[in-house]
Structures are given as C-alpha cells and as structure tokens.
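The residues making up each chain are set out below.
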Amino acid sequence: MTTVTYLDHAATTPVDPQVVAALGAVLAEGLGNPSASHAAGRRAAALIDRARLQVAALIGTDPAHLVFTSGATEANNLAIAGHAAGLNSTQRRGAQVLGLVTDHKAVLSPLRRLAEAGFVLTLLQPDAQGLLSPQVLAAALGEGAQLVSLVHVNSETGVMQDLPALAAVCRERGVALHIDAAQSAGKLPLSVDGIDYLSFTAHKLGGPQGIGALYVAPQRRVALQAQIVGGGQQRGLRSGTLPTHQIVAFGLACQLAADRQPELAGRLSGLRQRLWQGLADLPGVLHNGHPQHCAPGILNLSFTGVEGESLVDGLSELAVSTGSACNSSSGEPSPVLRALGRDTQLAQASLRLSLGQTSTAADVDVAIAAIRRELSRLRALSPDLPPPVADWQAAGWVVAQGEGGERRLGTWVRCLLALDGPVIRAARFQVYGCPQTLSVCQQLAGRLPGLPLAHAEVGSPQQWLETVAAPVEKLGRMLIIEDALRAAQSSALQPFAAAGV
Ligand SMILES: *Cc1c(COP(=O)(O)O)cnc(C)c1O
C-alpha cells in the first residue's frame, strides 16, 4: 500500500495528539453526569466550565453566550430555525430570509426548509470570484427581512466574505446576521462584533468530530427557540447530557488553535503558494475563487480538457476533494463552481486541495508531481490532439478512424485502426471519459491487432462492463466505444467494398 498524502483538511483535520490524550483521560477517569450534584458530577461540570472559557476565548466572547451542539450543522439549524421560530406574529408576516447560492448545504437546507414553511427566501449571487458585495446584500433586503445567513469562508473555494462590511449592512437595517464560521474559526482572527449568531465546529480545528458550538448574542437569547428539547440543559437552548470528554477536547483544541493561529496562517499561505506555483505554469489550469480574499489553506483548481472522474481516479496517492459528480450525492458537478461561471466540464474536472496543521512542503510536492503526471497522461489521450498515426502511415498501413459520443455529455472516443489489407495491425484510442471507458479502450487496443477488420470479435458492451467491473449505469458509455469502433470499421470497409475486396 502506498501512503496517502492527506490534503483534505477542509473536510476534517486530524485530532491533535494532545487533544486525543485529554479526551482519553476524561473517559478513563469515568466522570459523572455534569448535571448531577455529587462530586463526580461536579468535577465534570468544572471541566466543562473550563473548556467553555477556552472555546469562548477563541472568538473573543463570554462563555455564557455559547451553546454546545453536535457540530456546525446543528448550530446552523439552531440559529436559522430557532431564530425563525422565535419571530412574533408581526415579524412573521412576509418574513424574508437571505443566503448566498454558493454556501454550504448546512446553511442552505435549513433556509430552504423555511421557504417551504412560507418564508420568502432570497438566495444572492456572488461575483465571479465568489464574493458577496455589501451593495448587493443591501439592495436585496426587503421590508420583511429578518435573517441573513452566510458562510464566512467557503469550504470548496476558500473564498472569505468581508464580514465587517456585511455586518454593517445588517446592523444598519436591523436584520439579524448568522455566520457559519466552520472554516475560519481557529484559522483566522475572528470577532463576533456585529454578529448575532456564529456557528463553528471542533473537527475543522484539531478537535474531534461530533462537537461544535453556536454563539448567541445576548440580545437574541430570549427569542431563540430551542430545536432539541428535553432535560433543559444549557439553559433550555439545547437539551441533552453534555458530552464532557468531547467538550474538554474541543476546549483544548480551541486553545491550541488560538495559540498557533498567526503562525499557522502564515505557514499555510506559504504552502498554498508553493502548490499554486508548482501547477500554474501548466496549460489549462484555472484557479477557482478569489486571489486575495481567501483562507490560507484552501486551493481549488479546474483543469481544461480532462474528465474529472478519471483525473481523481489517477490520483490515488492523494486524499483530496473533487467537484466531479461521482463524488456528490446529487449527481451534479459542484454547484458552487457552476455558480462562479465554470461550465460542467470545468466544474467536474476540479480539485480542492486543503492544508492544515500537519501539512508539509513534502506533501505539497507529492501533490504537484501527482497532478502533473495525471494531467499529462490524460492530455496525451485527448481527442483534441491530432490522431497519432504518423508511424502507421510511414509503415504503409491504411488508417481508419471513427468517433463516438460528445464531450459535452461526458464521453468522447476516437478509434484509430491500422490496416494491412483486411487485417487490423494496430489499434489506438483517443478518449475523454471516465476511468472505465479509458480502461475498456486500453483493453481493446490490445485485443484488436491481428483480427480481421470485417468481423473483429471483441465482445459486447455488456461484457466490457463486466470486465472493468463498472456499474450498469455506465452501459451508455460502453455503447459510445462501440459506436467509435463500428464507425472506424465501416469507414475502412467502404473503400474495400468499392474495390471489390
Ligand atoms: C464542515 C462544515 C460544516 C459542517 O460541520 P459539522 O460539524 O460537520 O456539522 C458546516 N459548514 C461549513 C462551512 C463547513 O465547512
């Protein structure tokens, strides 16, 4: 097994060893329920109080303003649904909520749920570099505007919104502002100034998965409606036994992140720069996002002329994220990149490389080498290139060619056959397509030579599917290969027929 270079810190980042130790120590100690009045319970409550201070310090607030949740998703739901549920009947009439089309599903889905419940939902468009202009926000705020919910740093592109300017617009209009800071907390200086609700999560900053927090500004506390009710913990805002070990770990992770933040940001910017410089000289490499207003650790790139799934398939030594549809539950290539004006191909053929505390220059160099290698492999097969047949022509062979599919639809195949009389001497394919399509073409290129042109027995699309263990949904792509093969055969058979061969 080759070791995998982890460049997916925006998805989750390794738990710091000190945090692992602290979490384990709490579990090993076997504490009581922090709500209990006996000594074991009081000890747990004291550990939570200390952790709450550490978490609050990260965003420069008072520990009383934090609600622990299971992560940023739950914090977003509490802020958005809880704020909406707390509106009075006057505010509720014609109430408008606003978001940004490119934002995380953990913000967009709770907003869409409000739209289903009768709220007016306005989803704003960013500019081509992903930024929301304060003027666009101001112009979109209607009479009934009640809540603006935005992601601070976009998790796909790293684009960082101008929080002070956007918060000023909301404050001037008296509209509540919720910020999802899952990608910025612990990585960038952060203040809750002018912000009503702020979500963040431990597992993006060196803590464990399953714990996060919502900051609630004191003036919003009374109206905010709990979404999880039960034993009334956390002053009724989020019921459920507090997970002491998770919270202790979150607290320590926040403290370590705060201590390291300036140094880390500088180091990640340098690594990101190294990564970009290692790839930017290649033709057809595009940066998705904003060159300056971006988080230090995220680089999102699109590559012209290559198919996304094949690109990622070849990069098995890297753990990276992709805009390729095969990686999304929706089956659509990244809506974030589509909204920034990238076409389907570019949104598909995209990589998000994200760096973190443990990233090194060596990791970056591994990524550069792997991406350069895969791009040149795929580009060498590209149907954009002239058919590579000069050597065949020099050998005096007749060249037949046929094409199938369309790049716009994700698969395009050109089949090239070298003929010596009625016998196939050699076969080559130029392919834009998924890994299975590439693999079938490669196998056919090996099996066609030596066969008679007119009835080359090479199996059926159904059999090809089985040999490459492709899901049955890919049958259409196999049919495209067959189209190209048949087109090449018939283009060559016609002159033979005319000559009476
Ligand atoms: C990771 C992430 C989330 C989800 O956080 P969880 O703690 O996993 O629920 C929400 N928003 C953004 C911007 C994220 O990056």
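Residues numbered from 1 in each chain as written. Predicted model: local features only at pLDDT ≥ 70, side-chain atom pairs only at ≥ 80, totals over all residues. Heavy atoms only, no water.

1. What to know about the overall build of the protein chain
Tallying secondary structure elements over the protein chain gives 16 helices and 16 strands in all. In the protein chain, which comprises 501 residues, the proportion classed as buried is 53%. For the protein chain, restricting intrachain contacts to residue pairs at least 6 apart in sequence, the fraction spanning at least 24 positions comes to 70%. When the accessible surface of the protein chain is totalled, it reaches about 21200 Å², and 54% of it is carbon and sulfur. Computed over 37 positive and 38 negative side-chain charges, the separation of the two mean positions in the protein chain equals 5 Å. (Helix = DSSP H or I, 4+ residues; strand = E, 2+ residues; numbered from the N terminus. Buried < 20%, exposed > 50% of the residue type's maximum accessible area, 1.4 Å probe, protein only. Contact = heavy atoms within 4.5 Å. Areas by Shrake-Rupley, 256 points an atom, 1.4 Å probe, with all protein chains shown as cover. Lys, Arg positive; Asp, Glu negative; His and termini not counted. Charge placed at Lys NZ, Arg CZ, Asp CG, Glu CD.)

2. Focus on the packing of helix α8 (residues 244-279) against helix α12 (residues 361-380)
At a minimum axis separation of 9 Å, α8 and α12 run at an interaxial angle of 20 degrees. Of the possible angle classes, the one that applies to α8 and α12 is roughly parallel. At the point where α8 passes α12, the crossing takes the right-handed sense. Here Leu271, Arg274, Leu275, Gly278 and Leu279 of α8 lie close against α12, whose contacting residues are Ala361, Val364, Asp365, Ala367, Ile368, Ile371 and Arg372. Grouping the amino acids of the contact of α8 with α12 by side-chain chemistry returns eight nonpolar, one polar and three charged. (Axes fitted to C-alpha atoms, helices over the stretch in contact; angles between N-to-C directions. Parallel < 35°, antiparallel > 145°, perpendicular 65-115°, else oblique. Left-handed = near helix turned anticlockwise from the far one by under 90°. Nonpolar A, V, L, I, M, F, W, Y, C, P; charged D, E, K, R; others polar.)

3. Some words on empty space enclosed by the protein
For the structure shown, the criterion picks out three cavities of 30 Å³ or more. The computed volume of the largest cavity comes to approximately 120 Å³. Forming the boundary of the largest cavity are 13 residues, of which Gln183, Lys187, Gly297, Ile298 and Leu355 lie nearest the centre. The leading source of residues in the lining of the largest cavity is α8, at three residues. Here the lining of the largest cavity is composed, by residue class, of eight nonpolar, four polar and one charged. (1 Å grid on protein atoms, 1.4 Å probe; cavity = no way out; pocket = protein on both sides within 12 Å on 5 of 7 lines; lining within 4 Å. Points joined across faces, edges and corners; volume = space filled by probe spheres on them.)

4. Some details on the site of the ligand
The environment of the ligand is formed by 13 residues, the closest being Thr73, Asp180, Gln183, Thr201 and Lys204. Separating an oxygen atom of the ligand from a backbone N or O atom of Ala72 is a distance of 2.9 Å. Burial of the ligand by the protein chains amounts to 87% of its free accessible area of 390 Å². Residue composition of the shell around the ligand, by class: four nonpolar, seven polar and two charged. (Near = heavy atom within 4 Å. Polar contact = N/O pair within 3.5 Å; in protein donor to acceptor, adjacent residues only side chain to side chain.)

By themselves, these observations are geometric and do not establish any function.
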